[in-house]
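The residues making up each chain are set out below.
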Amino acid sequence: MLVRAEKRLVRPDDRIEEYESVGKSPPRTDARDKVNGSALYMEDMKFNGMLYGKVFRSKYAHARILSIDVSRAAKLPGVRGIVTGRDLPFVHGESLIDEPFLARDKVRYKGEAVAVVGAVDEEAAEEALELISVEYEELPPLFDLMEAARPGAVLIHEGLENYPHAPWVRPIKGTNICNHFQVQRGNIEVGFAESDHIFEDTFTTQMQQHCSLEPHGAICLINSDSAITLWANNDSPYRCRTEIANALKIPLTDVRVITVPNIGGNFGGKGGLKAEAAAIALAWKVRNRPIKIMYTREEEFCSSLARHPSVIQMKTGVEKDGTILAREVRIYLDTGAYAEKGSTVSRQCALSAAGPYRAPNVKVDAYCVYTNRPVTGAMRGYGGPQAAWACESQMDIIADKLGIDPLEFRLRHIYDEGEVDITGNPFDSAGLKECLKEVASRMEWGSKPLGKDRGRGIACMLRSVKTPSGSAAFVKVNEDGTVDVLSSTTEVGQGSSTVLRQIAAEELGVPLESVRKAAPDTAFTPFDTSTTSSRSTFYMGNAVKMAAADAKEQILRMAAQLWRARPEHLKIKYGKVCIEGEPDKTVPVAKVLSQHCGPCGTVLGRGFYMPQIPEAVESYYTVFWLLGAGGAEVEVNRKTGQVKVLKIWAAHDAGKAVHPVNCEAQIQGGVSMGLGFALSEEIVLKEGDVMNPSFLSYKLPSALDVPEIVPIVVEHPQADGPYGAKGFGEVTNVPVPPAIANAIYNAVGVRIKNLPITPDKILEALKRKNRQRKDGPPVPHRPPVSSRGRYAR
């Protein structure tokens, strides 16, 4: 379902419908190979002489390492090398450098890597792990987020303030807080003093696993000169290269990262160094032998990455008519034993925490906190799901208390077009309002009667895209007129390879089938910051478009010399150069190249895109906001507490849908992930142990659990995006949990503030509500009022 907002992309001829490749939905680049089973993944890669690595992991959450004895393991037949932290005294990280390749001195969570064994086969490596002996001295562990955040808590990282970090990261000395990010506008004390009503609520979210079908994996080869070649299912090869080179203190040219053509799922979990760190550690000691490490499913749950659990305290002051005057938010994010991407997540969460709503006085403090739990980091929409859960739940709480329709309440407060947002920059709001209105229209908000114990809820969201960052691309036109796109954007299942091919084909004027996209290789494909934060279509799309335009300009100059014409009078269409106004006079691109260059005719176009940050930026600048809205209809069983989600509507602003079917698929996939976060998914921990480290015990939604989904792709053109496009796929999960919670309240009058929303929580809330009715006046519960003043029953 495609919806175009009123604002159009301004083009010289304004003929958007004449795109040949953009806006169409051709078969995806990777579709055939994935269907017939020929797609190459990390698991498929093998090299002659390759050793198989297995990781020995800590059984303690917090302990000093007194000694490690690997002598028995080293004597086992088939074992070719063992490495411990003493052999590799290096530390790595994203924006805060705090994590050793292998534990040194002490371990900080159960499952932390202590040693790696390399053997001729996996069986020998597994057997060797049983022969390693480690002596520990246990230390007091910290599993509770709020306890770990308190002053005077046991320190998980002594000397935190001495760790190297990015300029914007603010660790707090003598605490477990590895980053404090604050954003503020106005004066909240004045705002609360002027408020007629003040609402204070605390919301929590759980630890969620990415559950990519393909586990983390890597193969590392280090030669005698310490040159490193790494094959990995890593989402950001250039970030990976930089992290390795900085940690090992070697030149970037000594590190080559090759990403496999297909990554079997990512959702933010395959950045940084996971299996890569263990493979590098062993290869550093065992030179000239490829070392392969593939995580098991249990390692994925216990030793890779997960979504940050959170505690969010929201305080909002409003006037009698509901006008928001002040909002204060305190966010606590459990980053686990190491910061990983936690500093970035805390910043993104803070920027989203007050919502897309006008408030003259706002203060947000986000604290990223160490605990002795598994490491957490980027996961789809990182920071956005936690922020939207709290903000959108409280928006309904306020609306219900004041008797205002939740839709009306949101539309009244969403920033107007060009209004200054929380970052101090003009906000482009038309796409968000269109999303919210479309969801309300499709679900017949406020007018369709509902059955008993059925309810409807609505929610919206915003999240900034990673800014500043840059992307580079080469577009190579070959001698026969075919085209190679050289880009370090990784294909993680999101469809970027197809989208970048479409953009190149459109700009060059060649058939899509003549364009292919190369797999990333830092030795050959140019720089890209990362395949994260829904940045690829916008950033890399712009770079590819610029590179294709550069290549096209070179070809047209060649043709102009051959025809003695002016280049501006020429164009390329369907792979042929033609003169405007003379449609019968055409020459294939390949012939232009051969006539101009002979058999050596190759053209290389170059593009680099990095948006300029305005000089007047007050705190933080985002080149665009990811915007969307969702609605849910549910039925609650009062006897069992079971919530049945009947239907979900989801609208997200794509700017311009380069591949509309792919956009719809991103919405459907994101909604299913949001459904799991809302109702069932949770990594259960007991004294630091993961109690459900498999798909048998971790409750992912199945196909039978996913309701009917109505995907709505809104097109509000992004002025500086390629053909008006921007990213949106990462955040399609974000509005789902608060929309479901709001629908549950609409159905049975109980407000759940702690995810996931399990039957036990529903039953307990219903019992509490019944007790309150017996002990005192009735608890007010108003179903949503439509904009026409009628109750939505």
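Residues numbered from 1 in each chain as written. Predicted model: local features only at pLDDT ≥ 70, side-chain atom pairs only at ≥ 80, totals over all residues. Heavy atoms only, no water.

What follows concerns the overall build of the chain. Per the secondary structure count, the chain includes 18 helices and 31 strands. Relative to a compact globule of 793 residues, whose C-alpha radius of gyration would be 28 Å, the chain shows 27 Å and is just as compact. Principal axes of the C-alpha set define a box for the chain whose edges measure 90 × 80 × 50 Å. Put simply, 79% of the contacts in the chain that link residues at least 6 apart link residues at least 24 apart. About 30400 Å² of surface is accessible on the chain, with carbon and sulfur atoms providing 50% of the total. Distance between charge centroids for the chain: 2 Å, based on 97 positive and 97 negative side chains. (Helix = DSSP H or I, 4+ residues; strand = E, 2+ residues; numbered from the N terminus. Rg over C-alpha atoms; globule rule 2.2 N^0.38 Å. Contact = heavy atoms within 4.5 Å. Areas by Shrake-Rupley, 256 points an atom, 1.4 Å probe, with all protein chains shown as cover. Lys, Arg positive; Asp, Glu negative; His and termini not counted. Charge placed at Lys NZ, Arg CZ, Asp CG, Glu CD.)

Another point: the domain arrangement of the chain. Its domain assignment divides the chain into domain 1 (50–141 + 215–263 + 270–303) and domain 2 (469–609). Distance between the C-alpha centres of domain 1 and domain 2: 40 Å. Across the domain 1/domain 2 interface, buried area totals approximately 1200 Å², and carbon plus sulfur atoms make up 55% of it. Summed over the shared surface of domain 1 and domain 2, the number is 1 salt bridge. Across the contact surface, domain 1 and domain 2 share 9 residue pairs in polar contact (both at pLDDT 80 or more). For the side of domain 1 that touches domain 2, a count of residues per class yields 7 nonpolar, 4 polar and 4 charged. (Domains from an automatic or database assignment. Buried area = accessible area lost by both parts, 1.4 Å probe. Salt bridge = Lys/Arg side-chain N within 4 Å of Asp/Glu carboxyl O. Polar contact = N/O pair within 3.5 Å; in protein donor to acceptor, adjacent residues only side chain to side chain. Nonpolar A, V, L, I, M, F, W, Y, C, P; charged D, E, K, R; others polar.)

Here the focus is the confidence of the model for the chain. Predicted confidence across the chain gives a mean pLDDT of 93, with 95% of residues reaching 70 or more. Here residues 4–16 scores under 50 on pLDDT; set against residues more than four positions off or in separate chains, the count is 21 contacts. Under a pLDDT of 50 for its full length, residues 784–793 has, in the predicted model, 26 contacts with residues more than four places off or in other chains. (pLDDT = per-residue confidence, 0-100.)

Looking now at the sheet that holds strand β9 (residues 133–138). Strand order in the open sheet formed by 3 strands is β7-β3-β9, and the pairing between neighbours is antiparallel. The open sheet terminates on both sides in strands that have one partner only, identified here as β7 (106–107) and β9. Alignment of strand β3 (residues 63–69) against β7, held across 2 bridges, turns out to be antiparallel. Counted as the bridge partner of R64 is K106 from β7. (Pairing = 2+ DSSP bridges.)

Of all hydrophobic cores here, the largest spans 93 residues; its most connected members are I331, V364, V634, I740, I744 and I757. When neighbours within four sequence positions are excluded, I757 is seen to be in contact with W389, A678, L679, A741, I744, I752 and I762. Counting residues in hydrophobic clusters, the runner-up holds 51 residues, among them A551, Y621, Y723 and A725. (Core = buried A, V, L, I, M, F, W, Y, C linked by side-chain atoms within 4.5 Å. Buried < 20%, exposed > 50% of the residue type's maximum accessible area, 1.4 Å probe, protein only.)

Below, the discussion takes up the packing of aromatic side chains. Scanning all chains against the criterion turns up 15 aromatic pairs. When the centroid spacing of 4.9 Å and the interplanar angle of 55° are considered together, the rings of Y60 and Y136 count as tilted. Taken as a pair, Y60 in the loop between β2 (51–57) and β3 and Y136 in strand β9 lie far apart in primary sequence, 76 residues in all. When the centroid spacing of 5.4 Å and the interplanar angle of 85° are considered together, the rings of F538 and Y539 count as edge-to-face. (Phe/Tyr/Trp six-rings, centres within 6.5 Å; stacked < 30°, edge-to-face > 60°.)

What follows is about the side chain of R456. Within the secondary structure layout, R456 lies in strand β19 (residues 454–464). For R456, a relative accessible area of 6% gives the class buried.

Under the criterion given, the structure shown has 0 disulfides. Free of any disulfide, C302 has its nearest cysteine sulfur in C211, 12 Å distant. (Disulfide = S-S within 2.5 Å.)

The next point concerns the packing of helix α11 (residues 406–413) against helix α12 (residues 430–442). For any two helices packed against each other, the geometry comes down to the angle between their axes and how far apart the axes lie. Between α11 and α12, the shortest axis-to-axis distance is 11 Å and the interhelical angle comes to 165°. When the axes of α11 and α12 are compared, the pair comes out roughly antiparallel. Judged by the twist between their axes, the crossing of α11 over α12 is left-handed. Along the contact surface, α11 presents L407, R410 and L411, while α12 presents L436, K437 and A440. Residue composition of the contact of α11 with α12, grouped by class: 4 nonpolar, no polar and 2 charged. (Axes fitted to C-alpha atoms, helices over the stretch in contact; angles between N-to-C directions. Parallel < 35°, antiparallel > 145°, perpendicular 65-115°, else oblique. Left-handed = near helix turned anticlockwise from the far one by under 90°.)

Under the definition given, this model contains 42 salt bridges. Between D416 and R358 there is a salt bridge, with its nearest N and O atoms 3.3 Å apart. Taken together, the residues span a long stretch of sequence, with D416 in the loop between α11 and α12 and R358 in the loop between α9 (342–353) and β18 (361–370) at a distance of 58 residues. The salt bridge partner of R456 is E633, with a shortest N-O separation of 2.6 Å. Taken together, the residues span a long stretch of sequence, with R456 in strand β19 and E633 in strand β27 (residues 625–636) at a distance of 177 residues. Salt bridges here are not isolated pairs; linked through shared partners, they connect R28, D30, K34 and E491.

The next thing to look at is the packing of α9 against helix α10 (residues 384–402). The contact between α9 and α10 brings their axes to 8 Å, and the two run at 25°. By the angle between their axes, α9 is roughly parallel relative to α10. For the crossing formed where α9 meets α10, the hand is right-handed. In this structure, α9 uses C349, S352 and A353 to contact α10, whose residues at the interface are Q386, A387 and C391. For the contact of α9 with α10, the class distribution of residues is 4 nonpolar, 2 polar and no charged.

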